[in-house]
Amino acid sequence: MKRFFSLITLLLFILSVVSCNSKSRENVPGDVDVISKATENRFSELEIRDYKGIKLDPSVGPRDNSIKGIQNVDINNYILKISGLVKSPVSLTYDNVLALTAYEKVITLHCVEGWDATVLWKGALLKDIIDIAGADEKADTVIFHCVDGYSTSILLQDIIDKNMILAYSSNGIKLPPAMGYPFIVVAEDKLGYKWARWVSEIELSDNPEYKGYWESRGYDNEANVPAAEKK
Ligand SMILES: Nc1nc2c(c(=O)[nH]1)N[C@H]1C(S)=C(S)[C@@H](COP(=O)(O)O)O[C@H]1N2
Ligand SMILES: [Mo]
């Protein structure tokens, strides 16, 4: 009986040594200085990680804080409306937007929660999309409506001056559902809540005081990224 117990103890000892070893193998110090395991895991296989010497971040952020979770849009039933104060309202398909002249930009998304992500975006100019419907002279505000009921707005002049794009690709891959497939507004120099994802309607308006989801809950409507945070 005594021998049986010492055999069990020995077995348990061997087992614990083996499992400790396999754990410590994952944590070799050399691995840590590149990027954390959590960040690494957010990169998908085909994502570009460097662009002209700029180090890119995974296009999917550290956690999803969207108001109703990640939306899965069925592209066969999807249309993008251009509505409101326009000469002629239009409905565009996903392919209509992809057929427009494409632009690429490396832009950093800054969330008010304190994280940021520098990503290579590719998409069409919002100005070109709006031009298809033709903005009315009175229009000075662009309201983005999204599949999940989210909305936010940006002044038309900002969109034109900054050549803001509506992106369908991030780091060289098709925009992932988590980042707003089919389209995200790359709201250059604006805080994260202006980056409308899963956009389904672009409404031209003459109300610069329009308040979207977070803006109506107290967030600044201009939402400029503070100069100190820019990189
Ligand atoms: N449709 C939609 N777009 C959205 C949001 C949302 O909830 N729904 N959240 C905004 C916010 S607050 C941020 S910071 C960015 C990135 O969201 P994430 O932090 O969930 O990655 O998406 C923005 N666009
Ligand atoms: Mo945010």
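The preceding data block contains the structure.
Residues numbered from 1 in each chain as written. Chains lettered and ligands numbered in written order. Predicted model: local features only at pLDDT ≥ 70, side-chain atom pairs only at ≥ 80, totals over all residues. Heavy atoms only, no water.

Visitor: What's the story with the overall build of the protein in this structure? I'm lost.
Guide: Across its full length, the protein holds six helices and twelve strands. Scored against the burial criterion, the 231 residues of the protein give a buried share of 42%. The contacts in the protein between residues at least 6 apart in sequence include a share of 67% that link residues at least 24 apart. Surface accessibility of the protein: about 13,000 Å² in total, with carbon and sulfur atoms responsible for 55%. (Helix = DSSP H or I, 4+ residues; strand = E, 2+ residues; numbered from the N terminus. Buried < 20%, exposed > 50% of the residue type's maximum accessible area, 1.4 Å probe, protein only. Contact = heavy atoms within 4.5 Å. Areas by Shrake-Rupley, 256 points an atom, 1.4 Å probe, with all protein chains shown as cover.)

Visitor: I keep staring at the packing of aromatic side chains and nothing clicks. Help me out?
Guide: Throughout the structure, instances matching the rule amount to eight aromatic pairs. Between Y193 and Y219, the ring centres sit 5.2 Å apart and the planes meet at 55 degrees, which makes this aromatic pair tilted. Here Y219 lies in the segment after β12 (199-205) and Y193 lies in the loop between β11 (184-186) and β12, a separation of 26 residues in the sequence. On the accessibility criterion, Y219 (35% relative accessible area) is partly exposed. For R49, the ring lying beneath its charged end belongs to F43, and the centroid distance is 4.1 Å. The residue whose ring lies beneath R217 is Y213, and the NZ or CZ to ring-centre distance is 3.6 Å. (Phe/Tyr/Trp six-rings, centres within 6.5 Å; stacked < 30°, edge-to-face > 60°. Lys NZ or Arg CZ within 6 Å of the ring centre and 35° of its normal.)

Visitor: Help me out: how do you make sense of the environment of V185 in this one?
Guide: Secondary-structure assignment places V185 in strand β11. A relative accessible area of 0% places V185 in the buried class. Sequence spacing of V185 and G123 is 62 residues, and the spatial spacing of their C-alpha atoms is 9.3 Å. Contacts of V185, omitting those with residues within four sequence positions, involve L126, F144, I154, I165, L166, K194, W195, A196 and V199.

Visitor: Can you walk me through the site of ligand 1 in this structure?
Guide: Around ligand 1, the structure places 16 residues, and the nearest of them are N65, I67, D148, W195 and R197. Here I67 contributes a backbone N or O atom positioned 2.8 Å from an oxygen atom of ligand 1. In this structure, D148 approaches ligand 1 through a side-chain N or O atom, which is 2.8 Å from a nitrogen atom. Surface burial for ligand 1 is 96%, taken as the share of its 520 Å² of free accessible area covered by protein chains. In this structure, ligand 1 is accommodated by the largest pocket. Here the shell around ligand 1 is built from residues that sort into nine nonpolar, three polar and four charged. (Near = heavy atom within 4 Å. Polar contact = N/O pair within 3.5 Å; in protein donor to acceptor, adjacent residues only side chain to side chain. 1 Å grid on protein atoms, 1.4 Å probe; cavity = no way out; pocket = protein on both sides within 12 Å on 5 of 7 lines; lining within 4 Å. Sits in = over half its atoms within 2 Å of the grid points. Nonpolar A, V, L, I, M, F, W, Y, C, P; charged D, E, K, R; others polar.)

Visitor: So what exactly am I meant to see when it comes to the layout of surface pockets here?
Guide: Where empty space is left in the structure can be found by rolling a water-sized probe over the atoms. Looking at the largest pocket, its volume works out to about 540 Å³. N65, S66, C111, G192 and R197 are the residues nearest the centre of the largest pocket, which is lined by 25 residues in total. Its residues placed into classes, the lining of the largest pocket shows 16 nonpolar, four polar and five charged. (Points joined across faces, edges and corners; volume = space filled by probe spheres on them.)

Visitor: Could you clarify how one ought to interpret the nonpolar core in this entry?
Guide: Nonpolar side chains tend to gather and get buried jointly when the protein is soluble and globular. Within the largest apolar cluster, 53 residues are counted, with the highest numbers of intra-cluster contacts made by L80, I82, W121, F144, V185, I202 and L204. With five residues, strand β6 (residues 116-125) is the single largest residue contributor to this core. (Core = buried A, V, L, I, M, F, W, Y, C linked by side-chain atoms within 4.5 Å.)

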